[in-house]
Every structure is written in structure tokens, then in C-alpha cells.
Amino acid sequence: MRIGMLGCGTVGSGVVTILARSGDDIAARAGVRLEIVRVAVRDLARDRGLPLSADVFTDRPEDVVAADDVDLVIEVMGGRGRAGDLVRSALANRKPVVTANKQLIAHEGPELRALAAEAGVDLMYEAAVAGAIPIIRPLKESLAGDRIRRVIGILNGTTNYILTRMTEEGASYDDVLAEAQELGYAEKPDPSADTGGHDAAAKTAILASLAFDSAVTDPDVFREGIERVTATDIAVARRLGYVVKLVGIASEVDGAVAVRVHPTFLPETHPLASVRLAFNAVYVEADGAGELMFYGPGAGSEPTGSAVLGDVVDVVRNLLQTVRGPLESTHRAATVRPMEDLTTQYYVLLDVEDRSGVLAAVAATFGQHDVSIAQVWQEGVGDHAQLVLITHRARESNLRSTVEALAATGGVRSVANVLRVESEGRS
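Residues numbered from 1 in each chain as written. Predicted model: local features only at pLDDT ≥ 70, side-chain atom pairs only at ≥ 80, totals over all residues. Heavy atoms only, no water.

Caption draft 1: Just the packing of aromatic side chains, in detail. Overall, the coordinates contain four aromatic pairs when judged by the stated rule. Considering the side-chain rings of phenylalanine 265 and tyrosine 347, the 4.7 Å spacing of their centres and the 25° angle between planes classify their relative orientation as stacked. A residue pair is termed long-range when its members are at least 10 positions apart, and phenylalanine 265 in strand S10 (residues 256-267) and tyrosine 347 in strand S13 (residues 343-352) qualify at 82 residues. This pair shows no difference in class: phenylalanine 265 is buried, exactly as tyrosine 347 is. Taken together, a centroid distance of 5.3 Å and an interplanar angle of 10° make the contact between phenylalanine 279 and tyrosine 295 stacked. Placement of phenylalanine 279 in strand S11 (residues 279-286) and of tyrosine 295 in strand S12 (residues 290-297) is noted, with a sequence separation of 16 residues between them. Put simply, the rings of Tyr242, Phe265 and Tyr347 touch in pairs and so form one group of aromatic residues. Note that lysine 140 overlies the ring of tyrosine 125, its terminal NZ or CZ placed 5.5 Å from the centroid. (Phe/Tyr/Trp six-rings, centres within 6.5 Å; stacked < 30°, edge-to-face > 60°. Helix = DSSP H or I, 4+ residues; strand = E, 2+ residues; numbered from the N terminus. Buried < 20%, exposed > 50% of the residue type's maximum accessible area, 1.4 Å probe, protein only. Lys NZ or Arg CZ within 6 Å of the ring centre and 35° of its normal.)

Pasting the structure below:
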């Protein structure tokens, strides 16, 4: 079975390396030997140190998807514009596509799935979410007979690395970010795709689409990054029995889908709380299966390449049987519940004047907006005085109104931070 590959960077190199090392075993599983016959790259002069002959490489990706000697296409070039056009072209030529492109699937997945169905070929993207962790196939196939209620995941290794270091060593965000950039975990000079939650939001959109049979796309996801998380927030969380994690949460609320990514106070007893450094994990709650945990490396050359080749083997088996894989259902309307309508608990940190009457004024502001305070205490004195508040469950819109009003409350210098708290009875 002849493979054309678009891109040969980190993930593409992993695909080539694994296939060269384990080609015999993969052929036995697939039922036929796999051969990479064309690879589209930007720079033909670059030595990639891979076991491929020079004549395999081309700088014309359109030739790869149109070639008669290509049976299936692997897209690992990333991005949306050019990559999307090439994937559409491959599907129009009735060539199955395996992709690791989360941004493409998160934004254009519904259109591409429809094109694949029309062409009668497979479009697979296990590697687009959480690297080597098998989560797409379980949601699409293993749990097809169940009703999923909620999916919550640590889906970005960079942010999890930063928050782990801040938690375990008391380091500041800026210091750990600089280290992560030196180690290659975070991009230079702009790490915001990771730290701003964009990467995790794209993956959460994909998981929500599969879990709830809906055409959820990236713009539907509420998103906040970790840039404002401080050592104080981390310390308060630990004191209360929580850890701070950037999580993607997709749930079904009153027949609609709620999809969000933000830093969260996660109970230390939650299975995701123990996920450290650059690892990823996805936690699924279903009616029949109960609670399931999927854990492993969420990125990297060979881990992600392994996920790509798993999809390739499935596609090849289907081609040999002249069938296509399971159709993805989007039978439910993609009604997305606004973030303002959701309810949760909140952690609020206020910089305040250290004088009598301030706490009473703050409590009154919370009460005026129907937000009940569960815990409150003061940290520091004088110019360093801060109030720490944990609310009972409240509506997001009410909390936002409270925060706006606090800015004008006597004795409150500023609202230093607001983070959501994962709790029972959540939505």
C-alpha cells in the first residue's frame, strides 16, 4: 500500500522512523506492506537523516495528492489554508486521509467529514488530540453504545509542565515559562498558542464533537489561558486541597453542549490531579462505562507518529476489504450552551485596603449579585493585604457582574484573579 505524506517535520519523521523500524510487524497487522512513495517538504536540500531515498521528496504537495501511485495520504504539515486545500483535494480524488492536524479538524472537521463520506473514503485523526493517547477511537467506537455525560482533559503538555513546576517548586510563572522555552516545550518568542489555551481549545472542540455527536468547532469553545496564574493562586489551591490545572471540559447540559478551556482548581483526589509535567490525560464519564481515564505522552515525534500509523493500519485494512470505517454521527444539533449560563464555584483574590468595613462591603457586593460566599480569609497586612474568597456554586453571569462591581467597591484596590473550582454537582 503506497503512502504519500504531506510534511516531514517532527511528526512526519516519527512516522518514517517507526515504519522503518517495525515495518514487518506493521505489515503483518495491516495485511500488506506499507511503503512511503512520496513526501512533500518545503526544503529539498535539507538532510533529514531518514531512511528514504532523495527521489521520494518533492516540493510540490499537489503532486502527492494527485499521483496515481499514492493509495492514501498522511497530512502532517499543520496549519489550515494550504493543508485544508490539499486534504480536500485528496478526498476529491477518493484517497483516504490520515491527519494529525488539530487546527484543521477543530475548525473544518464537519466539512471534511462530509467530503470523506461523499467520496466513500476514510478521514482519520487520532493523532490530532493527545498524541499517543488513544481517545478518538474509544469515543467514536468503543463507547458508541453508551451515553457520555462529560469529558475533561489535560490536553496541553506545555501548560501542564509550567503548572507542575509552579506547584512543586513554588516557582513563578515567568521563570518557568522561560525555562520551558529553553527546553523546547514552549514556542519562542510567542508561546500563546499553548499558554493562551488555543491548542487545548482546538482539541476540546474535537472531543466534544465526538462525545456528543455534534458539529462543535473551535470558535464554540470558551477559552482562558494560564498567563494570570500566580504563585499565590497555587499556594491557596494547595492549602485547600486542590491543584491548578489547565483543563478542557465538554459536557451535556440540558440538551446542549458546554465546551470550555480554563485554569481550574482541581481536587487533589481527582485522577487528573496527579498528571505531571508534559503528560496529557483525558477523563471520561459515561452512563454505562462509568469513569474512564486515558493517560500518556501528549506530543512528540514517535508518540504522535505511533497514533498516525495506528490510523494508517485501520485505513489499509478497510481498503483491502473495500469498505470504509465507522461513520461519525452528528445527528444532534450543535447547540452550544453559553458560558454565562453555566454554574460552578469560584476562587476570587482581591487586593484590599487593610481597614475595618472592607470585608462587609465586599460581602454585600457578592450578595447583591446573588453569589454566596463559602469561605473567606485575609492574607497579608497593610499594603499587602488580600482577601481570598471561595464561593458556593453560582451562575457565571452573576459572578462576572460581581467582579465588575467589586472594582467600584470601597476598600477594594483590584481584583487580582478569578479561577473556577471543580466541584460536585458541576455543569
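Moving on from the coordinates now.
Caption draft 2: View of the environment of threonine 365. Note that threonine 365 resides in helix H12 (residues 358-368). Distance from threonine 365 to proline 263, taken between C-alpha atoms, is 25 Å for residues 102 residues apart in sequence. With residues up to four places along the chain from it excluded, the contact list for threonine 365 reads Thr402, Ala405, Leu406 and Thr409. (Contact = heavy atoms within 4.5 Å.)

Caption draft 3: Main features of the pairing of strand S1 (residues 2-6). The buried count for S1 comes to four of five residues, which makes it a mostly enclosed element. After leaving S1, the chain enters helix H1 (residues 10-30) and then returns to the sheet as strand S2 (residues 35-40), a path that is right-handed. (Right-handed = clockwise from strand over helix to strand, strands pointing away.)

Caption draft 4: Up close: the environment of alanine 385. Here alanine 385 is to be found in the loop between strand S14 (373-379) and strand S15 (386-391). Taking relative accessible area as the criterion, alanine 385 reaches 0% and is therefore assigned buried. Taking the C-alpha atoms as reference points, alanine 385 and glutamate 168, 217 residues apart in sequence, are found 25 Å from one another. Residues contacting alanine 385, with those up to four places away along its chain left out, are Leu350, Asp351, Val352, Asp354, Gln378, Glu379, Gly380 and Arg413.

Caption draft 5: Spatial organisation of the sheet that holds S2. Overall, parallel pairing links the six strands, which are arranged S3-S2-S1-S4-S5-S6 in an open sheet. Only two strands of the sheet have a single partner each, and these edge strands are strand S3 (57-58) and strand S6 (123-124). Of the strand pairs in this sheet, strand S4 (residues 72-75) and strand S5 (residues 97-99) are connected by three bridges, and their pairing is parallel. Its bridge partner lying in S5, isoleucine 74 is registered against valine 98. (Pairing = 2+ DSSP bridges.)

Caption draft 6: The pattern of salt bridges, seen in detail. On inspection of all chains with the given rule, the structure shows 34 salt bridges. Residue arginine 21 pairs with glutamate 302 through a salt bridge whose shortest N-O separation is 2.9 Å. Residue arginine 21 is found in helix H1, and its partner glutamate 302 is found in helix H11 (residues 301-320); the two are separated by 281 residues along the sequence. Notably, a salt bridge pairs aspartate 341 with arginine 395, separated by 2.9 Å at the nearest N-O pair. On the criterion of sequence distance, the pair formed by aspartate 341 in the loop between H11 and S13 and arginine 395 in strand S16 (residues 394-395) is long-range, its members being 54 residues apart. Classification of aspartate 341 as partly exposed rests on a relative accessible area of 25%. On the accessibility criterion, arginine 395 (35% relative accessible area) is partly exposed. (Salt bridge = Lys/Arg side-chain N within 4 Å of Asp/Glu carboxyl O.)

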